[in-house]
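Here is how the chains run, residue by residue.
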Amino acid sequence: TFLKHYPIQGLVSARDSVRLSLSIQNIFDYLPKIRSSRYYDLDRCAELLSATTLTLSNQLIKILREKYSKNGLILGLNYDSYTKVYKEVEQGVFEKFDIEFELFTDFFVDLGRKTKFISKSKRTPADIIKNLTLHHVPLRERLKDIHHFRTSHERLRSVVTEVLGGGKTEDPTAVREVEEAPVVLF
């Protein structure tokens, strides 16, 4: 019955980063109920969390693609809009996950110690968590790389605009090329 009430539907049906964050909160609020499950051990709970991160990653990709369906990328946005979207995802989803995961890790290790849990694979609860595959991490790293590129590109764009547009003679093709670089590059 542990899995019967697992709140994965909120994650699957989320259509924005706010709902993703709320569903992450609901999932991590539900996971401690494993204590009352006789048939769901810590190994299976860790596998469930790993599968949940895969769903999180897929859903976030789906949301970003649907929201920015022009090219499926958020790179076509102006920098201010892009920064707002990035912060919603980074702070609203990934940092929320990190906070909840840290609390869950403490709970998981503590539960394993209290119940003298012995894994079928002879691993301790700390080892199980340490070796857990978090499928959303590559997406997070990719978004960080893109953010670094966009931040550097925005600095370049502002310098080019200032240098070429500072006087009376502005070269619109150079400025346009710099502004279109993210979309062309990715």
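Report on the accompanying structure.

Basis of the calculations
Residues numbered from 1 in each chain as written. Predicted model: local features only at pLDDT ≥ 70, side-chain atom pairs only at ≥ 80, totals over all residues. Heavy atoms only, no water. Axes fitted to C-alpha atoms, helices over the stretch in contact; angles between N-to-C directions. Helix = DSSP H or I, 4+ residues; strand = E, 2+ residues; numbered from the N terminus. Parallel < 35°, antiparallel > 145°, perpendicular 65-115°, else oblique. Contact = heavy atoms within 4.5 Å. Nonpolar A, V, L, I, M, F, W, Y, C, P; charged D, E, K, R; others polar. Salt bridge = Lys/Arg side-chain N within 4 Å of Asp/Glu carboxyl O. Buried < 20%, exposed > 50% of the residue type's maximum accessible area, 1.4 Å probe, protein only. Phe/Tyr/Trp six-rings, centres within 6.5 Å; stacked < 30°, edge-to-face > 60°. Lys NZ or Arg CZ within 6 Å of the ring centre and 35° of its normal.

**Side note on the packing of helix 2 (residues 17-30) against helix 4 (residues 79-114)**
Geometry of a packed helix pair, given as the angle between the helix axes and the separation of the axes.
Step number 1: It is at 9 Å that the axes of helix 2 and helix 4 come closest, and there the two elements cross at 5°. Classified by the interaxial angle, the pair formed by helix 2 and helix 4 is roughly parallel. Across from Ser17, Leu20, Ser21, Ile24, Gln25 and Phe28 in helix 2, the residues of helix 4 making contact are Glu88, Gly92, Val93, Lys96, Phe97, Glu100, Phe101 and Phe104.
Step number 2: Each residue belonging to the contact of helix 2 with helix 4 can be placed in one class, and the counts come to seven nonpolar, four polar and three charged.

**Details of the pattern of salt bridges**
Step number 1: In total, this model carries six salt bridges according to the counting rule given.
Step number 2: In this structure, glutamate 90 engages arginine 140 in a salt bridge whose closest nitrogen and oxygen atoms are separated by 2.7 Å. Here glutamate 90, found in helix 4, pairs with arginine 140, found in helix 6 (residues 137-165); they are 50 residues apart in sequence, far enough to count as distant. An identical accessibility class is assigned to glutamate 90 and arginine 140; each is buried.

**Quick word on the packing of aromatic side chains**
Step number 1: Per the stated rule, a full pass over the model turns up eight aromatic pairs.
Step number 2: On the basis of an interplanar angle of 35° and a centroid distance of 6.3 Å, the ring pair of tyrosine 79 and tyrosine 82 is categorised as tilted. Of this pair, tyrosine 79 and tyrosine 82 both sit in helix 4, three residues apart, which is roughly one turn of that helix.
Step number 3: Residue class for tyrosine 79 comes out buried when judged on its relative accessible area of 18%.
Step number 4: Looking at tyrosine 82, the relative accessible area reads 0%, which means it is buried.
Step number 5: Geometry around tyrosine 82 places arginine 150 over its ring, the cationic atom sitting 4.9 Å from the centre.

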